[in-house]
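Structural characterization, general
Residue-level listing of the chains:
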Amino acid sequence: MSSGYTKIILKATRCSLQEADLVEEIMRDVIFHSTLDWQTKEELESAATTAFAVLQEMRANEALSQ
């Protein structure tokens, strides 16, 4: 499901479209604990980068535990 934030996320992270949805979830639930509509573009870009790193770390930890 693409949102209005997908383009910003894709540009900031160069992740896949499927990953962009997960990155957006992490931005909402982990980084901001809120909606994204009050963030500046710069804050969204920074959060997207951080959220993508969190996603990659989660995947690495999952792979190690298998």
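Our structure's up above, just so we're on the same page.
Listed in full, the buried residues belonging to helix H1 (residues 6–13) are Thr6, Ile9 and Thr13. The arc that holds the buried residues of H1, viewed along the axis, is 65°, so those residues lie on one side. Structural note: H1 exposes Lys7 and Lys11 on the side pointing more than 90 degrees away from its buried face. On its buried face, H1 sits against helix H2 (17–31) and helix H3 (41–64). Phi turns positive, to about 60°, at Arg14, one or two residues after H1.

With that settled, the discussion passes to the packing of H1 against H2. With their axes 9 Å apart at the nearest point, H1 and H2 run at an angle of 105° to one another. As summarised for this structure, H1 and H2 are arranged roughly perpendicular, according to the angle between their axes. Only Leu17, Ala20, Val23, Glu24 and Met27 of H2 make contact with H1, whose side of the interface consists of Thr6, Ile9 and Leu10. Partitioning the contact of H1 with H2 into residue classes produces six nonpolar, one polar and one charged.

Rules and cut-offs
- Per chain, residue numbering runs from 1 following the sequence as it is written.
- Where local features are concerned, this predicted model is filtered to residues with pLDDT of at least 70; where side-chain atom pairs are given and counted, the filter is 80 or more; whole-chain, interface and lining totals use all residues.
- By convention in this description, side-chain values take in all heavy atoms of the structure and omit both hydrogens and water.
- Each residue gets one of three labels from its accessible area relative to the maximum for its type: buried under 20%, exposed over 50%, partly exposed in between, using a 1.4 Å probe on protein chains only.
- By the criteria applied, helices consist of DSSP H or I runs no shorter than four residues and strands consist of E runs no shorter than two, each listed in order from the N terminus.
- Comment: arc refers to directions from the helix axis out to C-beta atoms.
- We call two residues contacting when some pair of their heavy atoms lies within 4.5 Å.
- Working convention: axes come from line fits to C-alpha atoms, limited for helices to the stretch in contact. Angles between N-to-C directions cover 0 to 180 degrees.
- Should an angle fall under 35 degrees it is taken as roughly parallel, and over 145 as roughly antiparallel, whereas 65 to 115 is taken as roughly perpendicular and any remaining angle as oblique.
- Any residue outside Ala, Val, Leu, Ile, Met, Phe, Trp, Tyr, Cys, Pro, Asp, Glu, Lys and Arg is labelled polar, Gly included; the first ten of those are nonpolar and the last four are charged.

Take it as geometry only, folks, not as evidence of what the structure does.
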